[in-house]
Every structure is written in structure tokens, then in C-alpha cells.
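Spelled out from the first residue to the last, the chains are:
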Amino acid sequence: MEAPWVDGLTIPEVLERTAARFGPRDALVFPELRYRKPWTQLLADVRRTARALMALGVEKGEHVGVWSTNWPQWVVLQFACAEIGAVLVNINPAYRAHELEYVLRQADITTLFLTDRFKGTDYPAVLGEIPPGALPRLKRAISIHSAAAPGLQAWPEFLARAAEVSERGLARRRAQVAPDDVANIQYTSGTTGFPKGAMLTHRNLLMNAWHVGERQSFGPDDRLCLPVPFYHCFGC
């Protein structure tokens, strides 16, 4: 069997090639939000977000947590972290304070992106329940929305930081990313003990996606509906 074309590439390289080939086609659609982005615009949003992450000081190999339900920003952050060699850590949006504290500490998360509320859960309030000093590695918490609770930076303010980093600077960082670098950490449910993090590389994620698509005979005219949580393996 011929090797998959994604083998030996990084997530940023695959995204760039996909945008070059299918630029005007839909890449990401959220009907309820009236959100629709073609591949060219998704790539531009990802790179702007990646430059904003660099402006914050996020380094290669640094762990960035996303604690949120399904929003477009979740997808953009997943690709943006890969662009700069950072590691996206998926955090279960159902976590309470003690579970969140465990994962933030255990995964050495330095930057946390979070939603505001869902089903009665006030996410900034839950984060605020964690005792001061319990998270020595956490440097910053950012809302994925246009308005943020006190102590959090709002998404537009975060994105504005992108102006501090050039496209050339991003390209230099992107060139340092390798297929066998860890790109993602996903946690088990913790049913029989504390949740355990599984480290996935760019190659792990790309080969899995390619083989799943091949098994289902996906083509460029197909659309995949994802009603499942982004934080878990299939949604991610």
C-alpha cells in the first residue's frame, strides 16, 4: 500500500497544502453561530492566532489548555498551537474545580483558554475556586469570547497581540516543528483513578485522520457533522 501523503509532514504543512488546494471551499461551519470559513480564511485566522500566542510568550513545547465547549475558537487554537510547536491540552468542559486543578498542574499548563458558561457552570468562577498558589506554572487565562470576566483577557485583546509578531517570525518558528513533536495531550476519563494524559504527535494525529478518512471513503465533496465534544478523541 502506498504511504499516505501526510506521512512525514506536520499539521501546519498539511493545513497549508489543503488551503492551497481547496482554498474557497468551506473548511469550518457552525450553522447556529452563522459562522462559515473557507480554507484560505481558516489558515489566515490560524496564523494570526499563532502570532498572538507567540506575542504572549508561548514557547515551543509549552502546554496550552483549552477548557471549553464546541466553539470555532477551539478549532483555530488547535491548529495555531501546532503552528508554533506548542502542545494543546484538551480539558473536559464538565470538570469541577478539583479536577481542573489536577489537570492544570499535572499537564504543566502555562496558558489556559476557557469559555464563559454552559448548563449553569460559570467557568471563570470555577477557575477562581482553585486556591492561590496552587498553579505555579499557570501564567495567563484568556476568554475565547469578546467579553471576559474580571482577571481574564478577552479574545479580541488577545488577537490584537498578533501585530507584535511578523509573518516572518512565525515562519521561523513553524520551521522548527517536526512530525514527531508532541502536538496534543488528551486525558482519559479517570473512571478507575486519576485521569492520565496521552501524548500525541503531529504524525499520530495526521495518520489517524488520514486512515479514518480513507476507511470511510471521504472525498473533497463530503461534509462531516461533528455534534460530539471537541475535547475528546473523535471531535478533536
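Structure's up top.
Residues numbered from 1 in each chain as written. Predicted model: local features only at pLDDT ≥ 70, side-chain atom pairs only at ≥ 80, totals over all residues. Heavy atoms only, no water.

(A) Looking closely at the overall build of the chain. If you tally the helices and strands in the chain, you get eight helices and 10 strands. By the compact-globule yardstick of 18 Å for 236 residues, the chain fits well, its C-alpha radius of gyration being 17 Å. Considered along the principal axes of its C-alpha atoms, the chain spans approximately 50 × 45 × 35 Å. The buried share of the chain, taken over its 236 residues, is 49%. In the chain, once contacts between residues fewer than 6 apart in sequence are set aside, the share between residues at least 24 apart is 69%. Surface summary for the chain: the accessible area is close to 12,400 Å², and the carbon and sulfur share equals 52%. Within the chain, the 24 negative side-chain charges are centred at a point lying 2 Å from the centre of the 26 positive side-chain charges. (Helix = DSSP H or I, 4+ residues; strand = E, 2+ residues; numbered from the N terminus. Rg over C-alpha atoms; globule rule 2.2 N^0.38 Å. Buried < 20%, exposed > 50% of the residue type's maximum accessible area, 1.4 Å probe, protein only. Contact = heavy atoms within 4.5 Å. Areas by Shrake-Rupley, 256 points an atom, 1.4 Å probe, with all protein chains shown as cover. Lys, Arg positive; Asp, Glu negative; His and termini not counted. Charge placed at Lys NZ, Arg CZ, Asp CG, Glu CD.)

(B) Inspection of the packing of helix α1 (residues 11-22) against helix α8 (residues 202-215) at higher detail. Look at α1 against α8: their axes get within 9 Å of each other, and the N-to-C directions meet at 40°. Regarding the angle of α1 to α8, the classification is oblique. Counted together, I11, P12 and V14 of α1 and H202, L205 and L206 of α8 form the full contact between these two elements. Here the contact of α1 with α8 is built from residues that sort into five nonpolar, one polar and no charged. (Axes fitted to C-alpha atoms, helices over the stretch in contact; angles between N-to-C directions. Parallel < 35°, antiparallel > 145°, perpendicular 65-115°, else oblique. Nonpolar A, V, L, I, M, F, W, Y, C, P; charged D, E, K, R; others polar.)

(C) Summary view of the packing of aromatic side chains. In the structure shown here, the tally under the stated rule is seven aromatic pairs. Geometrically, the ring pair formed by F113 and F158 is edge-to-face, given 5.1 Å between the ring centres and 70° between the ring planes. Remark: F158 occurs in helix α6 (residues 155-160) and F113 occurs in strand β5 (residues 109-114); sequence separation between them is 45 residues. Summarising the burial analysis for this pair, F113 and F158 share the class buried. An aromatic cluster is defined as three or more aromatic residues linked by ring pairs; in this entry it consists of F30, Y35, W74 and F230. (Phe/Tyr/Trp six-rings, centres within 6.5 Å; stacked < 30°, edge-to-face > 60°.)

(D) Broad picture of the pairing of strand β1 (residues 26-30). In the sheet, β1 pairs with strand β2 (residues 35-38) via four bridges, with the strands oriented antiparallel. What sits directly across from L28, in β2, is K37. Hairpin connection between β1 and β2: a loop of four residues separates the two successive antiparallel strands, and R34 in this loop has a positive phi of roughly 55°. (Pairing = 2+ DSSP bridges.)

(E) Focus on the environment of W39. In this fold, W39 is placed in helix α2 (residues 39-56). Between the alpha carbons of W39 and C81 there is a distance of 17 Å; along the sequence they are 42 residues apart. If we skip the residues at most four places from it in the chain, W39 touches L15, T18, A19, F22, G23, R25, D26 and A27.

(F) A look at the sheet that holds strand β3 (residues 63-67). Read across the sheet, six strands follow the order β8-β5-β3-β4-β9-β10 without closing on themselves; strand pairing throughout is mixed. Edge positions in the sheet fall to β8 (140-143) and β10 (197-201), since each of these pairs with one other strand and no more. Across the sheet, the mean angle separating the axes of adjacent strands is 20° when strand polarity is ignored. As paired strands, β3 and strand β4 (residues 87-91) are joined by five bridges and run parallel to one another. Note that in β4 the partner of G65 across the bridge is V89. Each of β9 (182-187) and β10 touches α8; the most contacted strand, β10, lies at about 80° to it.

(G) Structural view of the side chain of R47. For R47, the position within the fold is in helix α2. Filtering out sequence-adjacent residues up to four positions away, R47 remains in contact with E16, E83, E167, L170 and R174.

(H) A look at the nonpolar core. Membership of the largest hydrophobic core comes to 37 residues, with the highest contact counts inside it found for L53, V58, I84, F113, W155 and F158. If you list the elements that add at least two residues to this core, you get α1, β1, α2, β3, α3 (72-83) and α6. Ranked by the residues each element gives to this core, the list is headed by α2, at nine residues. Discounting residues that sit within four places of it in the chain, I84 has contacts with A50, L53, M54, V58, K60, L170, R173 and V177. Membership of the second largest hydrophobic core comes to 24 residues, among which are I109, L135, I185 and Y187. (Core = buried A, V, L, I, M, F, W, Y, C linked by side-chain atoms within 4.5 Å.)

(I) Summary view of unusual backbone geometry. Not every positive phi belongs to a glycine, and D108 is a case in point at roughly 55°. What makes D108 partly exposed here is its relative accessible area of 34%.

Without other data, these values stay purely geometric and don't point to any function.
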